[in-house]
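Fold and contact review
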2 protein chains.
Amino acid sequence: MKKIKKIAITGGTHGNELTGIYLINKFLKNPTLVKRDSFKTFLMHTNVKAIKQGTRYVQRDLNRTFTQKELENKSLKTYEDILAKKINKELGPKGSKNPNIDFIMDLHSTTANMGLSLGVNLKDKLSLQVATYVKEHIPELKIYSWRGELKDASFVSSISPSGFTIEVGSISQGILRADIFFKTEKLIQTILDFFELYNTNSLKKTCSQIDIYCNAKIIDFPKDKNGNIEAMVHPNLQENGYLKLKKGDPLFVSLNGNNIYYEDITEVYPIFVNEAAYYEKGIAMFFTEKKTIKI
Amino acid sequence: MKKIKKIAITGGTHGNELTGIYLINKFLKNPTLVKRDSFKTFLMHTNVKAIKQGTRYVQRDLNRTFTQKELENKSLKTYEDILAKKINKELGPKGSKNPNIDFIMDLHSTTANMGLSLGVNLKDKLSLQVATYVKEHIPELKIYSWRGELKDASFVSSISPSGFTIEVGSISQGILRADIFFKTEKLIQTILDFFELYNTNSLKKTCSQIDIYCNAKIIDFPKDKNGNIEAMVHPNLQENGYLKLKKGDPLFVSLNGNNIYYEDITEVYPIFVNEAAYYEKGIAMFFTEKKTIKI
């Protein structure tokens, strides 16, 4: 087993998600909070310009710029493309066998009611092992995964071989909420605790299986031919991330008050329901399927 | 009694408050919904460029540009200053004895839990009469007021002699919520119903007094010398607009988890608690005092 030597906690990848930005501020002021004996913890505000502006990004979404292909493409010249290459050099480089950082946890918040969520790479055993440990200590935790290879992942946390996107909500963009701030902090502390035990071979046997919400499929809002939204997320789903949806359940409600129902026979679990930042991406929610994975 | 001939419903004064924008869309598509026999209803998206951008404003907050002084100041050249003069010509002009619109309701949403709220001018008897009628039909309604003369008011709704700012929350910026959408619509319909009865002398005797939250005082977040927030809104207040606050009640909680208490002996009722758009204005909340006003 290879020891984890350097962990990065990153925040402000989206400049209007204040929880991570202020947690990094807190840790920078009190580094002992994130210090452990067996590894070094590195703290970073990733998109400083977006943080100053109080916007998600300056020119493009930084958390969609870290595919291997885009990192290698020198013709990409937006503020975030250039920033991504700089961050990749500092924390990676991505794909390296000896990257500067072994594990990245990138702090996000969402306007969707996702509670405490970890976005993991299903193929990475270490991430799944951490997730299982955290789930045992924080039972409300949910874990979702994305499809594909690490090299094609575009997230900050995909720079290192293992890592998480941490999503906590619901919370509006541009605000701090004490409950969400302290929950996110507890989650970070639990992850750091895992690695201290991991490095010192002190981990007790963890649970051997875990539920993961996977293979996300994009669902857009019903729209007219001009692209205007014609129906909103149904109130049943609004503050109910990971709710099981079965055929005949209401999904949207039109501006005129008519329900639109889920029509498929496959049971799905919507996540990122009504995330503000996804309106421009044409995403009302993602449908996931719940799978039990053996660790 | 002077009849009300023209009412304007305006939305998108802040381009990231979607409720009003989409309600105007709905009404433009189905004008009969806001049609009444005794007056004309005019519909308007006020800040079209900010709506397209999905931002609160382009260069400055449009809903702070309508003081008489600023409307008359030709040296003000931001996008919103020029737009304000155009809107003032269309809906006003402000201060005219014969303005184009008699009553404006400007639709807003807030990340603060204000429920259904009306912002009124305490000196305008007609507005108070409408508010009283609405409160009788929608008991959850709250009414707050601002200090000062109409000419010094900077809001869109201050262009006409009478009018409201309608604030509904909590809702994140940049999203639609079905519950808030339909509640706001019901509020608008109730106001239109009032004017139909008013114009046809069919109003029944309404309640003779009403509670109003007035004389708002700005409260900023505790900050360090660099302007960084050191404490968040206390969880007790977070989703509790208009909560009575008395000496010794928790007000903020520091990033380190220490409570900061309200120390004054005057009982206050915080509003606009943790509104995202007010972070840049240095406002964590407003303290109001509850007054019972005779109508």
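Please read all numbers here as calculations on a predicted model, not as lab measurements.

For chain A, the helix and strand inventory stands at 7 helices and 12 strands. Principal-axis analysis of the C-alpha atoms gives chain A an extent of 60 × 45 × 35 Å. Within chain A, contacts between residues at least 6 apart in sequence are counted, and of these 71% link residues at least 24 apart. By element, 51% of the accessible surface of chain A is carried by carbon and sulfur atoms, the whole surface being about 12800 Å². Averaged over its 43 positive side-chain charges, chain A has a centre that lies 6 Å from the centre of its 32 negative ones.

Buried accessible area, meaning the area lost when the parts come together, often serves as the stated size of an interface. In this complex, chain B contributes 33 residues to the contact, which on the side of chain A involves 33 residues. A combined buried area of about 2500 Å² lies between chain B and chain A, and 60% of that area is made up of carbon and sulfur atoms. Where chain B packs against chain A, one counts 4 salt bridges. One salt bridge in this structure joins E239 of chain B and R177 of chain A, with 3.2 Å as the shortest N-O distance. The interface formed by chain B and chain A holds 10 residue pairs in polar contact (both at pLDDT 80 or more) in total. Secondary structure elements with two or more residues in the side of chain B that touches chain A: helix 1 (18-29), helix 6 (178-199), strand 8 (231-233), helix 7 (235-238) and strand 9 (250-254) of chain B.

Once that is clear, we can look at the packing of aromatic side chains. Taken as a whole and judged by the stated rule, the model has 42 aromatic pairs over all chains. Relative to Y279 of chain A, the ring of F221 of chain A has its centre 4.8 Å away and its plane inclined at 45°; by these criteria the two rings are tilted. In this pair, F221 of chain A is assigned in the loop between strand 7 (209-219) and strand 8 (231-233) and Y279 of chain A in the loop between strand 11 (269-271) and strand 12 (285-294), connecting sequence segments 58 residues apart. Looking at Y279 of chain A, the relative accessible area reads 14%, which means it is buried. Residues F272 of chain B and F286 of chain B carry aromatic rings whose centres are separated by 6.0 Å and whose planes lie at 75° to one another, so their mutual orientation is edge-to-face. A residue pair is termed long-range when its members are at least 10 positions apart, and F272 of chain B in the loop between strand 11 (269-271) and strand 12 (285-294) and F286 of chain B in strand 12 qualify at 14 residues.

Residues and elements named next belong to chain B. Taking 1.5 Å of rise per residue, the 13 residues of helix 4 (residues 79-91) would be expected to cover 18 Å, and the 18 Å separating its terminal C-alpha atoms lies within 8% of that figure. The complete set of buried residues in helix 4 reads E80, D81, L83, A84, I87, N88 and L91. Buried residues of helix 4 fall within an arc of 160° about the axis and therefore sit on the same side. Structural note: helix 4 exposes K86 and K89 on the side pointing more than 90 degrees away from its buried face. Buried residues along helix 4 sit in contact with strand 1 (6-11), strand 2 (40-45), helix 3 (68-72) and strand 3 (103-109).

Okay, unusual backbone geometry next. All names here are of chain A. Cis geometry is adopted by the peptide bond preceding S170, which originates at G169 and carries an omega value of 10°. Along the chain, S170 falls in the loop between strand 6 (162-169) and helix 6 (178-199). One non-glycine residue with positive phi stands out, namely N201, at about 50°. Within the element layout of this structure, N201 appears in the loop between helix 6 and strand 7. Judged by its relative accessible area of 63%, N201 is exposed.

On to the domain arrangement of chain A. Residue and element names in this part refer to chain A. Split into domains, chain A comes out as domain 1 (6-207) and domain 2 (212-294). Each of domain 1 and domain 2 was reduced to a C-alpha centroid, and the two centroids are 25 Å apart. Facing 23 residues of domain 1, the contacting portion of domain 2 comprises 22 residues. A buried area of about 1900 Å², summed over both sides, lies between domain 1 and domain 2, and 54% of it is on carbon and sulfur atoms. If you look at where domain 1 meets domain 2, you find 1 salt bridge. A salt bridge links D61 to K281, with the shortest nitrogen-to-oxygen separation between them at 2.8 Å. Scanning the region where domain 1 abuts domain 2 turns up 13 residue pairs in polar contact (both at pLDDT 80 or more). For the side of domain 1 that touches domain 2, the elements supplying multiple residues, two or more each, are strand 4 (115-121) and strand 5 (142-146). Ranked by residue count, the leading element in the side of domain 1 that touches domain 2 is strand 5, at 5 residues. The residue inventory of the side of domain 1 that touches domain 2, partitioned by class, reads 9 nonpolar, 8 polar and 6 charged.

Moving on to empty space enclosed by the protein. Residues and elements named next belong to chain B. Throughout the structure, instances matching the rule amount to 1 cavity of 30 Å³ or more. The computed volume of the largest cavity comes to approximately 110 Å³. Lining the largest cavity are 16 residues, with N63, R64, E167, F272 and Y278 positioned closest to its centre. Counting only elements with at least two residues in the lining of the largest cavity, the list comes to strand 3, strand 5 (142-146) and strand 6 (162-169). Residue composition of the lining of the largest cavity, by class: 5 nonpolar, 6 polar and 5 charged. Mapped onto the domain boundaries, the lining of the largest cavity takes at least three residues apiece from domain 1 (6-207) and domain 2 (217-290).

Quick look at the side chain of S172 of chain B now. Relative to the helices and strands, S172 of chain B resides in the loop between strand 6 and helix 6. A polar contact of 3.4 Å, which involves the side chain of S172 of chain B, links it to the side chain of S172 of chain A. Not counting the four nearest positions on each side in its chain, S172 of chain B is found in contact with T111, I171 and S172 of chain A together with T111 of chain B.

To continue, consider the sheet that holds strand 8 of chain A. Overall, antiparallel pairing links the 3 strands, which are arranged 8-9-10 (chain A) in an open sheet. Two strands bound the open sheet, and with one partner strand each, they are strand 8 and strand 10 (259-261) of chain A. The mean inter-strand angle of the sheet, taken between neighbouring strand axes irrespective of direction, is 35°. Each of strand 8 and strand 9 (250-254) of chain A touches helix 6 of chain B; the most contacted strand, strand 8 of chain A, lies at about 125° to it.

Turning our eyes to something else, we now look at the packing of helix 1 of chain B against helix 6 of chain B. Residues and elements named next belong to chain B. Remark: helix 1 packs on helix 6, axes separated minimally by 10 Å, with the N-to-C direction vectors making an angle of 60°. By the angle class used here, helix 1 and helix 6 are oblique. In this structure, helix 1 crosses over helix 6, and the sense of that crossing is right-handed. Side by side, helix 1 and helix 6 meet where T19, Y22, L23, K26 and F27 of the first sit next to I180, F181, F182, T184, E185, I188 and Q189 of the second. Considered class by class, the residues forming the contact of helix 1 with helix 6 number 7 nonpolar, 3 polar and 2 charged.

Before going further, it helps to examine the pairing of strand 12 of chain B. Residue and element names in this part refer to chain B. Of the strand pairs in this sheet, strand 7 (residues 209-219) and strand 12 are connected by 9 bridges, and their pairing is antiparallel. Bridge pairing links Q209 to K294 in strand 12. Pairing between strand 11 and strand 12: 3 bridges, direction antiparallel. Counted as the bridge partner of Y269 is T288 from strand 12.

What counts and how
Residues numbered from 1 in each chain as written. Chains lettered and ligands numbered in written order. Predicted model: local features only at pLDDT ≥ 70, side-chain atom pairs only at ≥ 80, totals over all residues. Heavy atoms only, no water. Helix = DSSP H or I, 4+ residues; strand = E, 2+ residues; numbered from the N terminus. Contact = heavy atoms within 4.5 Å. Areas by Shrake-Rupley, 256 points an atom, 1.4 Å probe, with all protein chains shown as cover. Lys, Arg positive; Asp, Glu negative; His and termini not counted. Charge placed at Lys NZ, Arg CZ, Asp CG, Glu CD. Buried area = accessible area lost by both parts, 1.4 Å probe. Salt bridge = Lys/Arg side-chain N within 4 Å of Asp/Glu carboxyl O. Polar contact = N/O pair within 3.5 Å; in protein donor to acceptor, adjacent residues only side chain to side chain. Phe/Tyr/Trp six-rings, centres within 6.5 Å; stacked < 30°, edge-to-face > 60°. Buried < 20%, exposed > 50% of the residue type's maximum accessible area, 1.4 Å probe, protein only. Expected span 1.5 Å × (residues − 1). Arc of directions from axis to C-beta. Domains from an automatic or database assignment. Nonpolar A, V, L, I, M, F, W, Y, C, P; charged D, E, K, R; others polar. 1 Å grid on protein atoms, 1.4 Å probe; cavity = no way out; pocket = protein on both sides within 12 Å on 5 of 7 lines; lining within 4 Å. Points joined across faces, edges and corners; volume = space filled by probe spheres on them. Pairing = 2+ DSSP bridges. Axes fitted to C-alpha atoms, helices over the stretch in contact; angles between N-to-C directions. Parallel < 35°, antiparallel > 145°, perpendicular 65-115°, else oblique. Left-handed = near helix turned anticlockwise from the far one by under 90°.

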